[in-house]
Amino acid sequence: MHRTRDDGVSDRRPTGHGPDEGQNTAMYNCSECMERLYPFLDRELDSTERDEVRQHLDRCRGCSVRFRFEGNVLRYVGEIARSTHCPPEARRRILRACGRLAAD
């Protein structure tokens with residue numbers, strides 16, 4: 001049975017080879033799929049693009065492993081960020097550096 005995990009990556013074992021080894025599944029090849037890595041993980045793709053990425057991941061082991069690794073890293077960083085206290089001064093410096101807070 002085909003199931004999709006929380007991160008959107010299929011649990012089915014992919015059978016393809018690695019990135020850019022002539023893979024061309026669905027609409028995307030490996031390079032095109034990798035261009036959609038973070039938009040996919042951030043749930044920024046529309047349903048059609050998301051389905052096409054999933055189709056590629058179902059067939060390409062290299063891309064599937066990379067997507068799964070990156071998804072795990074993002075989840076881990078998110079968990080640490082939610083459980084770690086940031087001192088107010090450090091928070092101000094970070095926001096200022098990101099352009100989200102006006103300089104003093």
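Relevant structure appears above.
Everything numeric in this text was worked out from a predicted model, so none of it was measured.

A. Structural view of the overall build of the protein chain. Counting its regular elements, the protein chain contains five helices and two strands. Ordered by position from N to C terminus, the α and β elements of the protein chain give β-β-α-α-α-α-α. Counting over 104 residues, the protein chain shows a buried share of 31%. Of all intrachain contacts in the protein chain linking residues separated by at least 6 positions in sequence, the fraction that spans at least 24 positions is 65%.

B. Molecular detail of the pattern of salt bridges. Under the defined criterion, the tally for this structure stands at four salt bridges. Across the pair Glu-49 and Arg-36 runs a salt bridge, and its minimum N-O distance is 3.7 Å. On the criterion of sequence distance, the pair formed by Glu-49 in helix 3 (residues 47-59) and Arg-36 in the loop between helix 1 (30-35) and helix 2 (37-41) is long-range, its members being 13 residues apart. Judged by relative accessible area, which is 25%, Glu-49 ranks as partly exposed.

C. Just a nonpolar patch on the surface, in detail. There is a patch of nonpolar side chains on the surface, built from Phe-69, Val-73, Tyr-76, Val-77 and Ile-80 and spanning about 480 Å² of accessible area. Within the element layout of this structure, Tyr-76 appears in helix 4 (residues 61-83). On the basis of relative accessibility, which here comes to 54%, the residue Tyr-76 falls in the exposed class.

D. Main features of helix 4. Across its 23 residues, helix 4 extends 33 Å between first and last C-alpha, which sits within 8% of the 33 Å expected from 1.5 Å per residue. Among the residues of helix 4, Gly-62, Cys-63, Ser-64, Phe-67, Arg-68, Glu-70, Gly-71 and Gly-78 are the ones counted as buried. Buried-residue contacts for helix 4 involve helix 1, helix 2 and helix 3.

E. Up close: unusual backbone geometry. The backbone of Arg-43 shows a phi angle near 60°, a positive value even though the residue is not glycine. Checked against the element boundaries, Arg-43 lands in the loop between helix 2 and helix 3. Taking the relative accessible area as the measure of exposure, Arg-43 reaches 59% and is therefore exposed.

F. View of the environment of His-56. Considering the arrangement of structural elements, one finds His-56 in helix 3. Judged by its relative accessible area of 0%, His-56 falls in the buried class. Taking C-alpha positions, His-56 is 7.6 Å from Asn-29, a pair spaced 27 residues apart along the chain.

G. Structural view of the environment of Val-53. As for its placement among the helices and strands, Val-53 is situated in helix 3. Residue classification places Val-53 among the buried positions, given a relative accessible area of 0%. Note: C-alpha distance between Val-53 and Cys-30 (23 residues apart in sequence) is 9.7 Å. Excluding its chain neighbours within four sequence positions, the residues that come into contact with Val-53 are Tyr-28, Cys-33, Arg-36, Phe-40, Leu-45 and Phe-67.

Parameters and conventions
- Residues numbered from 1 in each chain as written.
- Predicted model: local features only at pLDDT ≥ 70, side-chain atom pairs only at ≥ 80, totals over all residues.
- Heavy atoms only, no water.
- Helix = DSSP H or I, 4+ residues; strand = E, 2+ residues; numbered from the N terminus.
- Buried < 20%, exposed > 50% of the residue type's maximum accessible area, 1.4 Å probe, protein only.
- Contact = heavy atoms within 4.5 Å.
- Salt bridge = Lys/Arg side-chain N within 4 Å of Asp/Glu carboxyl O.
- Patch = residues over 30% accessible without salt bridge, like charges linked within 9 Å, V, L, I, M, F, W, Y side chains within 5 Å.
- Areas by Shrake-Rupley, 256 points an atom, 1.4 Å probe, with all protein chains shown as cover.
- Expected span 1.5 Å × (residues − 1).

By themselves, these are just geometric observations and shouldn't be taken as functional.
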